[in-house]
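Observations on chain architecture
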Amino acid sequence: MSDALVAVETAGTESSVPAVSGARQFWRRLRAQRAALVAAAVVALLVLIALAAPLLTALEGQDPTTYHPSLIDSARGGVPVGSFGGMSADHWLGVEPQTGRDLFARLVYGARVSLGVALAAVVVQVILGVVIGVAAGLGNRWVDLVLSRITDIFVSMPLMIMALALLAVVPNGFPRPVLVALIIALVSGWSTTAKMVRAQTLTLKNLDYVAASRLSGWSTWRTAVRELLPGLAAPVITYAALLIPTNISAEAALSFLGVGVKPPTPSWGQMLTSADVWYQAAPQYLLLPAAALFVTVFAMTVLGDGVRVALDPRAASRLRVGTGRKREDRARTAAAPVPEEDPA
């Protein structure tokens, strides 16, 4: 997390230069990274699958909660009947052991929970982090001291222990996905965002145009909205992109521990919890949600790193010039003097 924070601060400092802050330059640099484009396509596909989960399950003719006891072999402990976990034209990825619920339906609906919780938590983390970070950076010494100490306390809090404690005391009637998103957002993420925003605010408020706006009589709120937020956009967007895979992993870990999303609502982490004893009898029940989690987190991480590089002028210049041997040879050839022709 500290390495990511340093990278974001570097990106934010450099990307505040007006020459490289336009959206056109950002998209041009992002398109120059093939890995980031592939990751963006994968993320877009995952989001589309999550949004179209009802349509996809309707095409299959299944739903994520209906039990199919006829599709499991109770004599063998609930193993799905048939090869490859009961895969068929009616059940594209087979069925769950013991319950017979359709695995494809639970996977696509689980994508809605995992992505929805992660994105909702990021929104709360960014709003809290920006508000507290800007307030600490623009406030007086006592405001900065109090907010910084509160932020330090939350930075030092272990997410899993605090989440376990909070989830244990909240009534069961509260919507579980909303609760998990709020706990992930309030316990972690916003504090590191606030520290990064505070550091950027302290740097930006010493610039001439920000100092001039404050000396001209503008209120702190107007200065923050008109002068600081445009300069904070690049590092905040970068860090938000890096927070999404962290939140997905946190939701999966909480569900795996049994305190996250409760059945019958499907979740990838919850599926992994149920699959830990079926990896030999029905390996697809373990491999499919694990593969979905791996692909999602990996694609989000690559995309977040691509956004960081696109917003970092120094990284973007390295992309243009390159450090490979072929580019160095071409640059050396171009710089070499042209031999004069022999008059004879």
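About the thresholds
- Residues numbered from 1 in each chain as written.
- Predicted model: local features only at pLDDT ≥ 70, side-chain atom pairs only at ≥ 80, totals over all residues.
- Heavy atoms only, no water.
- Helix = DSSP H or I, 4+ residues; strand = E, 2+ residues; numbered from the N terminus.
- Buried < 20%, exposed > 50% of the residue type's maximum accessible area, 1.4 Å probe, protein only.
- Contact = heavy atoms within 4.5 Å.
- Areas by Shrake-Rupley, 256 points an atom, 1.4 Å probe, with all protein chains shown as cover.
- Salt bridge = Lys/Arg side-chain N within 4 Å of Asp/Glu carboxyl O.
- Axes fitted to C-alpha atoms, helices over the stretch in contact; angles between N-to-C directions.
- Parallel < 35°, antiparallel > 145°, perpendicular 65-115°, else oblique.
- Left-handed = near helix turned anticlockwise from the far one by under 90°.
- pLDDT = per-residue confidence, 0-100.
- Core = buried A, V, L, I, M, F, W, Y, C linked by side-chain atoms within 4.5 Å.
- Phe/Tyr/Trp six-rings, centres within 6.5 Å; stacked < 30°, edge-to-face > 60°.
- Lys NZ or Arg CZ within 6 Å of the ring centre and 35° of its normal.
- Polar contact = N/O pair within 3.5 Å; in protein donor to acceptor, adjacent residues only side chain to side chain.
- Patch = residues over 30% accessible without salt bridge, like charges linked within 9 Å, V, L, I, M, F, W, Y side chains within 5 Å.
- Arc of directions from axis to C-beta.

Details of the overall build of the protein chain
Summing up its helical and strand segments, the protein chain has 15 helices and two strands in all. For the protein chain, buried positions account for 43% of its 344 residues. Across the protein chain, contacts joining residues at least 24 apart in sequence account for 73% of those joining residues at least 6 apart. In the structure as shown, the protein chain presents an accessible area of about 18,100 Å², 66% of it carried by carbon and sulfur atoms.

A word on the pattern of salt bridges
All chains considered together, the criterion is met by five salt bridges. Put simply, Glu96 and Arg106 hold a salt bridge, and the shortest N to O gap is 2.9 Å. Here Arg106 lies in helix 5 (residues 103-138) and Glu96 lies in the loop between strand 2 (79-80) and helix 5, a separation of 10 residues in the sequence. Here the two residues Glu96 and Arg106 agree in accessibility, since each one is buried. Across the salt bridge formed by Asp152 and Lys195, the nearest N and O atoms sit 3.0 Å from each other. Here the residue Asp152 occupies a position in helix 6 (residues 141-156), and Lys195 occupies one in helix 9 (residues 190-204), the gap between them amounting to 43 residues. Salt bridges linked by common partners bring Glu96, Arg101 and Arg106 together as one network.

Some remarks on the packing of helix 5 against helix 9
Put simply, helix 5 and helix 9 touch, their axes get as near as 7 Å, and they point 40° apart. When the axis of helix 5 is compared with that of helix 9, the two are oblique. Helix 9 is crossed by helix 5, and the crossing has right-handed handedness. Of the residues in helix 9, those touching helix 5 at Gln125, Leu128, Gly129, Val130, Ile132, Gly133, Val134, Ala136, Gly137 and Leu138 are Trp190, Thr193, Ala194, Val197, Arg198, Thr201 and Leu202.

Looking at helix 12 (residues 268-275)
Count 3.6 residues to each turn of an α-helix, and residues three or four apart come out pointing the same way. Counting buried positions over the eight residues of helix 12 gives six, a clear majority of the element. On its buried face, helix 12 sits against helix 5, helix 11 (220-256) and helix 13 (283-311).

Let's talk about the confidence of the model for the protein chain
Summarising the model, the protein chain shows a mean pLDDT of 79, and 84% of its residues fall at 70 or more. Confidence scores differ between elements of the protein chain, with helix 1 (residues 2-15) showing the lowest mean pLDDT of 46 and helix 3 (residues 34-51) the highest of 92. Throughout residues 2-21 the model reports pLDDT below 50, and contacts reaching past four residues in sequence, or to other chains, amount to 35 contacts. This model gives residues 316-324 a pLDDT under 50, and the stretch forms 13 contacts once residues within four places in sequence are excluded.

A short note on the nonpolar core
One finds Val134, Val197, Val236, Ile248, Trp268 and Tyr285 to be the most contacted residues of the largest nonpolar core, which totals 41 residues. At the level of elements, helix 3, helix 5, helix 9, helix 11, helix 12 and helix 13 are the ones that each hand at least two residues to this core. Those residues in contact with Trp268, other than ones at most four positions away along the chain, are Leu107, Gly110, Ala111, Ser114, Pro289, Ala292, Leu293 and Thr296. Ranked by size, the runner-up nonpolar core spans 17 residues in total, among them Val113, Val117, Val180 and Val259.

As for the packing of aromatic side chains
Under the criterion given, the structure shown has four aromatic pairs. A cation over an aromatic ring shows up here: Arg141 above the ring of Trp142, its NZ or CZ 4.8 Å from the ring centre.

As for the environment of Trp92
In this structure, Trp92 sits in the loop between strand 2 and helix 5. With 13 residues separating them along the chain, Trp92 and Ala105 place their C-alpha atoms 9.2 Å apart. Contacts of Trp92, omitting those with residues within four sequence positions, involve Leu56, Leu59, Glu60, Met87, Asp102 and Phe104. At 3.1 Å, the side chain of Trp92 forms a polar contact with the backbone oxygen of Ala89.

Focus: a nonpolar patch on the surface
Together, Phe174, Val178, Leu182 and Leu186 line one region of the surface with nonpolar side chains, adding up to about 310 Å² of accessible area. Checked against the element boundaries, Phe174 lands in the loop between helix 7 (159-169) and helix 8 (176-187). The class of Phe174 is partly exposed, set by a relative accessible area of 36%.

Describing helix 4 (residues 53-60)
Within helix 4 the residues assigned to the buried category are Ala53, Thr57 and Glu60. Angularly, the buried residues of helix 4 cover 55° about the axis, an arc narrow enough to put them on a single face. Exposed side chains of helix 4 directed beyond 90 degrees from the buried face belong to Leu55, Ala58 and Leu59. For helix 4, the secondary structure elements touched by its buried residues are helix 3 and helix 5. Of the residues trailing helix 4, Gly61 is marked for its positive phi of about 85°.

A look at the environment of Pro263
Following the sequence through the fold, Pro263 ends up in the loop between helix 11 and helix 12. The spacing of Pro263 and Thr65 is 198 residues in sequence and 9.1 Å in space, taken between C-alpha atoms.

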